[in-house]
Amino acid sequence: MKNINDSSDESIHYFSESDFATVLKKAEHFGLSIYKIEPLLEGEVFDVSSHDDYKKKATDPKWYTKAFSDLKKRQEGLVYSATYKVSKKLLERE
């Protein structure tokens, strides 16, 4: 997976559609909390989707799978980032 962020803020990683699909699969596998998805179109924020919009917990993959699908249908050529949290329990695993 390649970070395609070309802005001055290097703390945000943006991914192509196919790489972001992999990110979401890994998030689901490890039980990460995804709080929002923020796609860009030509360097500008296209939209923001959050777990609150879907009335789901941040750990529920149904919301971010649906949001990602909806965004892909609305616009081609987006790059994606997500706000997420890795649980302390997962970080402490070996």
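Up top is the structure these notes are about.
Predicted, not measured: the structure shown is a model, and the values here were computed from it.

1. Here we look at the layout of surface pockets
- Volume-wise, the largest pocket comes out at about 370 Å³.
- Surrounding the largest pocket, 17 residues form its lining, His13, Phe15, Val23, Ala82 and Tyr84 being those nearest its centre.
- Listing elements by their share of the lining of the largest pocket, those giving two or more residues are helix 1 (17-30), strand 1 (33-41) and strand 4 (79-85).
- For the lining of the largest pocket, the per-class residue count stands at 10 nonpolar, 4 polar and 3 charged.

2. Things to note about the packing of helix 1 against helix 2 (residues 61-74)
- Following both chains from N to C, one finds helix 1 and helix 2 inclined at 170 degrees, their axes separated by 10 Å at the closest point. For the element pair helix 1 / helix 2, the angle class is roughly antiparallel. Within the contact between the two elements, helix 1 uses Glu17, Phe20, Ala21, Leu24, Ala27 and Glu28 and helix 2 uses Pro61, Tyr64, Phe68 and Lys72.
- Per-class residue counts for the contact of helix 1 with helix 2 are 7 nonpolar, no polar and 3 charged.

3. A word on the pattern of salt bridges
- Enumeration according to the criterion identifies 3 salt bridges in this entry.
- Here lysine 36 makes a salt bridge to glutamate 38, at a shortest N to O gap of 4.0 Å.
- Taking the relative accessible area as the measure of exposure, lysine 36 reaches 30% and is therefore partly exposed.
- Aspartate 47 serves as the salt-bridge partner of arginine 74, at 2.5 Å between the closest nitrogen and oxygen. Residue arginine 74 is located in helix 2, and its partner aspartate 47 is located in the loop between strand 2 (44-45) and strand 3 (49-50); the two are separated by 27 residues in the primary sequence.
- Owing to a relative accessible area of 49%, arginine 74 belongs among the partly exposed residues under this scheme.

4. A closer look at the packing of aromatic side chains
- Overall, the coordinates contain 5 aromatic pairs when judged by the stated rule.
- Seen from their ring centres, phenylalanine 68 and tyrosine 80 are 4.9 Å apart, and the 80 degrees between their planes marks the pair as edge-to-face. Of this pair, phenylalanine 68 sits in helix 2 while tyrosine 80 sits in strand 4, and the two are 12 residues apart along the sequence. This pair shows no difference in class: phenylalanine 68 is buried, exactly as tyrosine 80 is.

5. Observations concerning unusual backbone geometry
- In this structure, glutamate 42 takes a positive phi of about 55 degrees despite not being glycine.
- Mapped onto the elements, glutamate 42 comes out in the loop between strand 1 and strand 2.
- Non-glycine residue lysine 55 carries a positive phi angle of around 55 degrees.
- Within the secondary structure, lysine 55 is located in the loop between strand 3 and helix 2.

Rules and cut-offs
- Residues numbered from 1 in each chain as written.
- Predicted model: local features only at pLDDT ≥ 70, side-chain atom pairs only at ≥ 80, totals over all residues.
- Heavy atoms only, no water.
- 1 Å grid on protein atoms, 1.4 Å probe; cavity = no way out; pocket = protein on both sides within 12 Å on 5 of 7 lines; lining within 4 Å.
- Points joined across faces, edges and corners; volume = space filled by probe spheres on them.
- Helix = DSSP H or I, 4+ residues; strand = E, 2+ residues; numbered from the N terminus.
- Nonpolar A, V, L, I, M, F, W, Y, C, P; charged D, E, K, R; others polar.
- Axes fitted to C-alpha atoms, helices over the stretch in contact; angles between N-to-C directions.
- Parallel < 35°, antiparallel > 145°, perpendicular 65-115°, else oblique.
- Contact = heavy atoms within 4.5 Å.
- Salt bridge = Lys/Arg side-chain N within 4 Å of Asp/Glu carboxyl O.
- Buried < 20%, exposed > 50% of the residue type's maximum accessible area, 1.4 Å probe, protein only.
- Phe/Tyr/Trp six-rings, centres within 6.5 Å; stacked < 30°, edge-to-face > 60°.

Just distances and angles here, no functional claims.
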